[in-house]
There are 2 protein chains.
Amino acid sequence: MRRINAARLWDSLNQMATLGAIPGNGVCRLALSEEDRQARDLLQRWATDAGCTVRVDEMGNMFLRREGRQPQLAPVLTGSHVDSQPNGGRYDGIYGVLAGLEVLRSLNDANVETERAIEVVNWTNEEGARFAPAMLASGVFSGVFTRDEAWQREDAQGISVEQALRDTGYLGSHPARAFPIHAAYELHIEQGPILEAEGKTIGVVRGAQGQRWYQAEVVGFSAHAGTTPLPLRRDALLGFASLVQAVNQIGLHFAPDARATVGRADIEPNSPNVVPGCVRFSIEFRHPDEQVLAEMEAALLRAFAEINNGPLTTSVQRIFDYAPIEFDAHCVATVREAATALGYAQREMISGAGHDACYLSRVAPTAMIFIPCVDSISHNPAENISEAWASAGANVLLNAVVSSAMEV
Amino acid sequence: MRRINAARLWDSLNQMATLGAIPGNGVCRLALSEEDRQARDLLQRWATDAGCTVRVDEMGNMFLRREGRQPQLAPVLTGSHVDSQPNGGRYDGIYGVLAGLEVLRSLNDANVETERAIEVVNWTNEEGARFAPAMLASGVFSGVFTRDEAWQREDAQGISVEQALRDTGYLGSHPARAFPIHAAYELHIEQGPILEAEGKTIGVVRGAQGQRWYQAEVVGFSAHAGTTPLPLRRDALLGFASLVQAVNQIGLHFAPDARATVGRADIEPNSPNVVPGCVRFSIEFRHPDEQVLAEMEAALLRAFAEINNGPLTTSVQRIFDYAPIEFDAHCVATVREAATALGYAQREMISGAGHDACYLSRVAPTAMIFIPCVDSISHNPAENISEAWASAGANVLLNAVVSSAMEV
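Every chain is numbered on its own, with residues counted from 1 as its sequence reads. As a convention, the first chain written is A and the first ligand written is 1, with the rest following in written order. Given that this is a predicted model, residues contribute local features only at a pLDDT of at least 70 and side-chain atom pairs are listed and counted only at 80 or more, while totals for whole chains, interfaces and linings are drawn from all residues. Only hydrogens and water are set aside when side-chain values are computed; all heavy atoms of the structure are taken into account.

> Is there a simple way to explain the overall build of chain A in this structure?
Put simply, DSSP H or I for four residues or longer makes a helix, DSSP E for two residues or longer makes a strand, and each gets a number counted from the N terminus. Counting its regular elements, chain A contains 12 helices and 18 strands. Across its three principal axes, chain A shows a C-alpha extent of roughly 80 × 45 × 40 Å. Residue contacts are counted whenever heavy atoms from the two residues lie within 4.5 Å of one another. The contacts of chain A with a sequence gap of at least 6 include a subset with a gap of at least 24, amounting to 78%. When the accessible surface of chain A is summed, it comes to about 14,800 Å², and 48% of that surface belongs to carbon and sulfur atoms. Neither His nor the chain termini are counted; the positive set is Lys and Arg, and the negative set is Asp and Glu. The atoms used to mark charge sites are NZ of Lys, CZ of Arg, CG of Asp and CD of Glu. Where the 33 positive side-chain charges of chain A centre and where its 49 negative ones centre are 1 Å apart. For every accessible area listed, the method is Shrake-Rupley and the probe measures 1.4 Å; residues are considered covered only by the protein chains on display.

> Whenever I open this one, the relation of the copies chain B and chain A confuses me. Can you help?
Mapping between the two copies of the chain is achieved by a rotation about an axis and a shift along the axis. We place the copies in one frame by least squares, fitting the C-alpha atoms of every residue whose pLDDT is at least 70 in both. For the pair chain B and chain A, the superposition axis carries a translation of 0.1 Å, the fit reaches an RMSD of 0.1 Å, and the rotation angle comes to 180°. Read as a symmetry element, the transformation amounts to a two-fold axis. If distances are taken from each C-alpha of chain B to the rotation axis, the shortest is found for A241 of chain B, at 2.2 Å. Interface overlap between copies: 100% of the residues of chain B at the interface are likewise at the interface in chain A, consistent with a symmetric, same-surface contact.

> Is there a simple way to think about the pairing of strand β9 (residues 210-219) of chain A in this case?
Remember that side chains alternate between the two faces of the sheet whenever the strand is regular. All names here are of chain A. For β9, the buried fraction is high: 7 of the 10 residues fall into the buried class. At least two bridges found by DSSP between two strands are what make those strands a pair. Relative to strand β14 (residues 278-287), β9 runs antiparallel, the two sharing 10 bridges. If you follow W213 over to β14, its bridge partner there is E284. Relative accessibility thresholds used throughout: buried, under 20% of the residue-type maximum; exposed, over 50%; partly exposed, between the two (1.4 Å probe, protein chains only).

> I would appreciate a short explanation of a nonpolar patch on the surface in the present structure.
Residue and element names in this part refer to chain A. Nonpolar side chains (Val, Leu, Ile, Met, Phe, Trp, Tyr) are joined into patches within 5 Å and like charges within 9 Å, using only residues with over 30% relative accessible area and no salt bridge. Put simply, a salt bridge is a Lys or Arg side-chain nitrogen that is within 4 Å of an Asp or Glu carboxyl oxygen. A contiguous nonpolar surface patch, about 270 Å² in accessible area, is contributed by I319, F320 and Y322. One can find Y322 in strand β15 (residues 313-322). Looking at Y322, the relative accessible area reads 37%, which means it is partly exposed.

> When you look at the packing of helix α1 (residues 6-16) of chain B against helix α2 (residues 34-49) of chain B in this model, what are you seeing that I'm missing?
A packed helix pair is summarised by two numbers, namely the angle formed by the two axes and the spacing between the axes. Residue and element names in this part refer to chain B. The N-to-C vectors of α1 and α2 enclose an angle of 150°; their axes lie 11 Å apart at closest approach. When the axis of α1 is compared with that of α2, the two are roughly antiparallel. Touching S12, Q15 and M16 of α1 are A39, L42, L43 and W46, all from α2. Partitioning the contact of α1 with α2 into residue classes produces 5 nonpolar, 2 polar and no charged. For helices, the fitted line uses only the C-alpha atoms of the stretch in contact; every axis is such a line through C-alpha atoms, and the angle between N-to-C directions lies from 0 to 180 degrees. Relative orientations are named as follows: roughly parallel for angles under 35 degrees, roughly antiparallel for angles over 145 degrees, roughly perpendicular for angles from 65 to 115 degrees, and oblique for any other angle. We call Asp, Glu, Lys and Arg charged. Ala, Val, Leu, Ile, Met, Phe, Trp, Tyr, Cys and Pro are nonpolar, and the rest, Gly among them, are polar.

> What is the right way to read helix α2 (residues 34-49) of chain A from this model?
Because an α-helix completes one turn every 3.6 residues, residues spaced three or four positions apart along the sequence face the same direction. All names here are of chain A. Here α2 spans 22 Å end to end across 16 residues, near enough to the 22 Å set by a 1.5 Å rise per residue. Those residues of α2 not exposed but buried are D36, A39, R40, L42, L43, W46 and A47. For α2, the buried positions fall inside an angular range of 160° around the axis, keeping them on one side. Looking at the buried residues of α2, the elements they touch are α1 (6-16), β3 (53-56), β4 (62-66), α3 (94-109) and β6 (118-122). Count one or two residues on from α2 and you reach G51, which has phi positive near 85°. Helices are assigned an expected span. That span is 1.5 Å times one less than the residue count. The arc in question is traced by the directions running from the helix axis to the C-beta atoms.

Everything listed here is a matter of coordinates, which is why it stays silent on function.
And the structure:
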């Protein structure tokens, strides 16, 4: 099996992490910020040094191309994103991009010619931290959003995506839409606890969870905490507490794959000596099976109806519905075989988070590779991985990409 | 039995409600604001027209004195406060002041001379909405706070109480400290649902609940809602939900007098797709019996200890402890007898809210009289009472005050 140059990959990760570095070992590289521009420039220089051509499209997506023996064949694509959360870690996204670059460099070192070209992509604004929503540019590429609606998205300062693309010099001329891709791989840190908890090095990601998001409300009546006897109260917080537990019970009922979360709640009036009159809160369910999501939703509606029978009124509204994603069976098998041949402890898994690969899978055969991260910490400067994990993931990526790039 | 002039009282209430009027029939008369100054000026004019002398002390407390036959005897005091919540109702506080004024006017009409002087007081900054804490000036009067610490309290704009007293012209020269008072009565709307629910017109208030306030925290670990399986979560919101229910159970266990409330909670990071890592929240218990409050606290600590055994850590700290207040038995009896003689449906009760009378009872024999309010709404423009309730309360006040003012 081929192997990448682990020291060079680690060194590139460290060099890149100096751009937008923030205290605590993290980075702040908001999409199309000055720090993002510097990181893009460095990536472009490294790619050019490695003999690649670089294409930029109208969404600022960068494609670093290592030519194949048969340029007319659809290329193999790999990559992720350079941008970060405002208080982000040094591996989320950029690891997949630099591991892709390391694949190209390693192939150069070994003088390997592939049948198909290999392209490493940097998708613009994956995080959605500066411009909502997340995965904006891979979404345009995959036909989920139009270029114009993406261009019009504005940051908190009112700067549009189009303006930011112009300002950074990354408004490319190539159309931001899918071209024929033979196979696509995205390597990423898990951002969850499973691989580390089970002592596995490689996650073979065969799909992504479907998600249903809800906005909910329990309405009672605000009352003076001192003057209002308990039997005469309509305490919205009590209804909320029951529903938090109901949501958790629903998640447990559909274990182990279900996720059920109340992450946000806003209480009115939120004053120590006033009985809460209203609680508005978020609920989200995730599961790889659409049918199970429907059952979870039915259970949720029953729990709400039960609360609605008392002195409280409730409402719950589904606000998003992302169908589960199944990655391409052949790409998944290619990843599994590479991990097996390399002798890494592996497991199949479902991505709980959204990734550019989720959109990309609409227009190209796609799979993902996960490596563990320490204590499942991500979107935080404390995000960390070991050098051994980093090289293991890149080795799997190298062999999967080469395998696909040799297919004719 | 003597009776006040119901139409005049109602008319005065309506006139006063034009000062600081806000949409929805309410008032905004923050302590020592321009609106409060106008209301004070009007009160002073009405008192002067009624033949009273007006004294203002260093805290801006106003004493409208109708002289008695024996000026050397300690006066009978009644009154409440002119200030309001920012989004307040037109009866909270001001009803007790204007009913006191109506008592004086009615005695004038009937040419009644009392043995003791009667003084109607307007306590500065009862609400605590502009300057924290509430009942600031009755607190100084009763020796709970020093004048200087009260003067230094600042509003959100950094204006001190002393400055605001100067600006409004209500920085008086009389010392703000207790003088001999024979008996004191405060008439107030209930701000709770009990009288209305039971069809009673008069609440004979024999004390005020003790209060214990707590600041609590449940700490878990923030995690990605998509990538973190339920068994690996440390969801602070689940611990919080259990504790909300435990607090309510404790309140129900010590029914009917106990109040147990979680009114405020702040979740971190409060984002729909992040498992909550921390919830900070308030708890307050109220009960007329100190011993029961201690038992409620013990039950609370047990509930917290239970949660602390899992993947969550908790903390709870008592931040206030107000002892229960028992009003003067003779004053309470005087109120009861007046209500009985007038033929009003009455009940004894405990004030769930704090009032100036609670502090005043430290330095003078004190009792309170409650009338119902519609739907227990208070601190809200929709606060409402009937004209019949208003005159009933003032009639009880008149007869109780006169009864005490005839005692030599």
